[in-house]
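Structure at a glance
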Amino acid sequence: MASLERASPALKEILLRIYNAERPIEIDHHLYEFGSVEYYIKSSASEPFTYLSISTPLLSQGVFLSHGLSPYTLQMVRGISIDVLDIVEPPTDGYQLTLRLDFSKLPRNKESLKVVTEVSSVQAVVLSSQLKEMLQNVNSWDISQGMYKPIKLIYHPKEPFYVIRQPQKIIAVFPMRFKDHSDVIIATSFFQELMDVGSSGKWAKVPPCNWSPIPPPELRGEPFEDLSTNGGFVSFDISSHHVEGKRLDKTVWSLLNFYTYVKHHVKCTRGFIQRRMRRRMDSLVQVLEKSMKEENGQIQKVKGNAGWKKMKNWVRLTSKSKMIKRRYHDITKKIKRIRFRIKIHGFGRFRRRWLTMPNFSSSMGYTKLKKTNSK
């Protein structure tokens, strides 16, 4: 995703290295950035000059002249630093602009970093100057060719937006496209909230924002592939007080980076939602683990109590049986003592003879008679 900063970080690093060198250094370097932007930095040890060539996609063919950049754009580039920067005519082959930088004229103080940063933002100056030319003619009532015809502008590849000039205002329309369905949902809610906030009295001075799932009437007749979107169309109404003084630069930069800002917001929102979902899931997992531990603890406790009860009952039964056996032995001993406490001599023989049960014979059998000897 493109950065919201105007200065190129890689170009700024190279220019600071050249500026901080004690003597001129040899550099011949090509630098490529997002959006088909190319820089060519060339520095020689034999001369104090550094040459910077820039190639960037045209924001709109209508604001360029046949021989190069418009005078207004060249004027804006010269305004970066009159002492350090000079425009080379004609530019290097294959590039739209070539600058000659003399860092020896740059004082060694805090202002030097600011100047190098502004030189590193030359590509943003070139593109924003073209849109400034359009916005500065808001109050123009001239009926010229293509006054109400949308002007297609391309700042980022595959992300065009339209500017429609009308009396007393300019309408900027952004067709919104997203790859993921979740991004469409987040962006749609963001656009609706942006409309609600913009319609409040606190933000009455900002350009009114409108969002619609279908193309606005001003884009009728444009190619179908440019109007096929899944995120709808966001439009801003820019009037004269939005482009006065310093507001012009802020308005232009906000329009050029609206796509980047929306993508940044969607990405941060998606990350925030995912973090909240992970935290919520972690908290639910902790609750479930805690409940499972408590349940397992209760089951173990119940099992332990049941086993203890069984053991207790078994011990109790064992002790009862032992006690019964002990009592039985005691009773038998007492009976024996009572039984054999009085002894009568010859009583055993008397009992065997007279106290035995008689044998009865059956009617179906017979009794064998013993032989007796007669005298």
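Remember, predicted model here, so these are calculated numbers, not experimental data. (Residues numbered from 1 in each chain as written. Predicted model: local features only at pLDDT ≥ 70, side-chain atom pairs only at ≥ 80, totals over all residues. Heavy atoms only, no water.)

Some remarks on the pattern of salt bridges
Tallying each qualifying case throughout the model produces six salt bridges. In this structure, Lys263 and Glu159 form a salt bridge, with 2.1 Å as the shortest nitrogen-oxygen distance. One end of the pair, Lys263, is in helix α8 (residues 258-339); the other, Glu159, is in strand β7 (residues 159-166), and 104 residues separate them in sequence. Taking relative accessible area as the criterion, Lys263 reaches 33% and is therefore assigned partly exposed. Given the relative accessible area of 11%, Glu159 is considered buried. Linking Asp183 and Arg270 is a salt bridge whose minimum nitrogen-to-oxygen distance equals 2.5 Å. Here Asp183 is found in helix α5 (residues 181-198), whereas its partner Arg270 is found in helix α8, with 87 residues between them in sequence. For Asp183, a relative accessible area of 9% gives the class buried. Given a relative accessible area of 26%, Arg270 falls into the partly exposed group. (Salt bridge = Lys/Arg side-chain N within 4 Å of Asp/Glu carboxyl O. Helix = DSSP H or I, 4+ residues; strand = E, 2+ residues; numbered from the N terminus. Buried < 20%, exposed > 50% of the residue type's maximum accessible area, 1.4 Å probe, protein only.)

Regarding the layout of surface pockets
To find the voids left in a structure, one rolls a probe of water-molecule size over its atoms. There is about 780 Å³ of room inside the largest pocket. Along the wall of the largest pocket there are 23 residues; nearest its centre are Val206, Pro207, Phe236, Lys250 and Ser254. Contributions of two or more residues to the lining of the largest pocket are made by α5, β10 (233-238), α7 (247-256) and α8. In terms of residues, the lining of the largest pocket owes the most to one element, α7, which gives six residues. Of the residues in the lining of the largest pocket, the class split is 14 nonpolar, six polar and three charged. (1 Å grid on protein atoms, 1.4 Å probe; cavity = no way out; pocket = protein on both sides within 12 Å on 5 of 7 lines; lining within 4 Å. Points joined across faces, edges and corners; volume = space filled by probe spheres on them. Nonpolar A, V, L, I, M, F, W, Y, C, P; charged D, E, K, R; others polar.)

Looking at a positive patch on the surface
Together, Lys205, Lys246, Arg247 and Lys250 line one region of the surface with positive charge. Looking at where Lys246 falls in the secondary structure, it is placed in the loop between β10 and α7. A relative accessible area of 75% means that Lys246 is categorised as exposed. (Patch = residues over 30% accessible without salt bridge, like charges linked within 9 Å, V, L, I, M, F, W, Y side chains within 5 Å. Areas by Shrake-Rupley, 256 points an atom, 1.4 Å probe, with all protein chains shown as cover. Lys, Arg positive; Asp, Glu negative; His and termini not counted. Charge placed at Lys NZ, Arg CZ, Asp CG, Glu CD.)

Observations concerning the pairing of strand β3 (residues 49-55)
Of all the seven residues making up β3, five are buried; the element is thus mostly covered by neighbouring parts of the structure. In terms of strand pairing, strand β2 (residues 37-43) meets β3 through six bridges, oriented antiparallel. The residue of β3 that forms the bridge with Tyr39 is Ile54. Counting the residues between successive antiparallel strands, the hairpin from β2 to β3 contains five residues. One ladder, built from six bridges, connects β3 with strand β5 (residues 97-102); its direction is antiparallel. If you follow Ser53 over to β5, its bridge partner there is Thr98. (Pairing = 2+ DSSP bridges.)

Without other data, these values stay purely geometric and don't point to any function.
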